[in-house]
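# Coordinates in review
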Amino acid sequence: MSEPGVFAPAGALTMSSAPTLRAEGQRLARAGDLVVDLAAATAADSAALALLLDWMRCARAAGHALVVRNLPAGLASLAALYDVDELLVRESRA
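Predicted, not measured: the structure shown is a model, and the values here were computed from it. (Residues numbered from 1 in each chain as written. Predicted model: local features only at pLDDT ≥ 70, side-chain atom pairs only at ≥ 80, totals over all residues. Heavy atoms only, no water.)

### Focus: the sheet that holds strand 5 (residues 66–69)
Formally: For two strands to be treated as a pair, DSSP must find at least two bridges joining them. The way it works is that DSSP assigns letters per residue, a run of H or I at least four long becomes a helix, a run of E at least two long becomes a strand, and they are numbered from the N terminus. Axis definition: a line fit to C-alpha positions, over the contact stretch in the case of helices; interaxial angles, taken between N-to-C directions, run 0 to 180 degrees. A contact between two residues is defined here by any heavy atoms of the two lying within 4.5 Å.
Read from one edge of the open sheet, 3 strands run 1-3-5, paired in parallel fashion. Either end of the sheet is taken by a strand with one partner, and the two such strands are strand 1 (5–7) and strand 5. The average undirected angle you get between the axes of adjacent strands in this sheet is 25°. Relative to strand 3 (residues 34–37), strand 1 runs parallel, the two being bridged by 3 bridges. Looking at strand 3, one finds that Phe 7 is bridged to Val 36. Across the sheet, helix 1 (residues 18–31) touches strand 1 and strand 3, and the angle it forms with strand 1 is around 170°. Helix-sheet contacts for helix 2 (residues 46–61) involve strand 1, strand 3 and strand 5, and the interaxial angle to strand 5 is about 150°.

### Regarding unusual backbone geometry
In this structure, Asn 70 is a non-glycine residue whose phi angle is positive, near 60°. Positive phi outside glycine occurs at Asp 83, with the angle close to 60°. Structurally, Asp 83 can be placed in the segment after helix 3 (73–81).

### As for helix 3
How we decide: Throughout, exposure labels follow a simple rule: accessible area from a 1.4 Å probe, protein chains only, divided by the maximum for the residue type, with under 20% read as buried, over 50% as exposed, and the rest as partly exposed. In this context, the arc is that of the directions from the helix axis out to the C-beta atoms.
Residues of helix 3 that are buried include every one of Leu 75, Ala 76, Leu 78 and Ala 79, and no others. Angular distribution of buried residues about the axis of helix 3 spans 160°; they occupy a single face of the element. Turned more than 90 degrees away from the buried face of helix 3 sit Ala 73, Gly 74 and Leu 81, all of them exposed. Contacts made by the buried residues of helix 3 are with strand 4 (41–44) and helix 2. At the C-terminal side of helix 3, Asp 83 shows a positive phi close to 60°.

### Observations concerning the packing of helix 1 against helix 2
Put simply, the rule reads: For classification purposes, an angle smaller than 35 degrees is called roughly parallel, one larger than 145 roughly antiparallel, one from 65 to 115 roughly perpendicular, and anything else oblique. Crossing handedness: left-handed means the near helix sits turned counterclockwise from the far one by under a right angle, and right-handed means the same turn made clockwise.
Between helix 1 and helix 2, whose axes approach to 8 Å, the crossing angle comes to 25°. By the angle between their directions, the pair helix 1 and helix 2 is classed as roughly parallel. Where helix 1 crosses over helix 2, the two elements pack in a sense that is right-handed. Residues Ala 18, Leu 21, Arg 22, Gly 25, Gln 26, Ala 29 and Arg 30 of helix 1 form the contact with helix 2, whose own contacting residues are Ala 47, Leu 51, Asp 54, Trp 55, Cys 58 and Ala 59.

### Remarks on the environment of His 64
Quick note on the threshold: Contacts described as polar in this section are N or O atom pairs within 3.5 Å, which, within protein, must combine one atom able to donate a hydrogen with one able to accept it, while residues neighboring in sequence count only if both atoms come from side chains.
Tracing the backbone shows His 64 in the loop between helix 2 and strand 5. Residues His 64 and Leu 51, 13 residues apart in the sequence, show an inter-C-alpha distance of 16 Å. Not counting residues up to four positions away in its chain, the partners in contact with His 64 are Ala 29, Arg 30, Ala 31, Gly 32, Asp 33 and Ala 59. Reaching out from His 64, the side chain makes a polar contact with the backbone oxygen of Arg 30 at a distance of 3.2 Å. Here Ala 62 takes part through its backbone oxygen, which lies 3.4 Å from a polar atom of the side chain of His 64.

So, in C-alpha cells, the structure goes:
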C-alpha cells in the first residue's frame, strides 16, 4: 500500500477560492488516498466545509480514503454546528 498524497491548499478557503480549488482536490481524491492538510489555510468558511465533503465523495467513489490534517478550530466548530463533524475523518495523532 502506497503512502497517501498530501494536498495543502494555502490562503483563504472561501466562496471566492472554492471554484479554483474544487477541481484540483477532486483530481487528487480520485487519484489515490489523500490527506488534506489545512495548516496553511488563513481563513475558512462554509465553502471550505463544502469542499472537504465534495472531495470525500470523490475519494470514496473512486475507492480511496481522505483524511483531514490540521482542521482549523473555526471550521471544526462550523462542521459541528451543521452536524457533519463525524463525517470528517481526521488524521490520528501517533
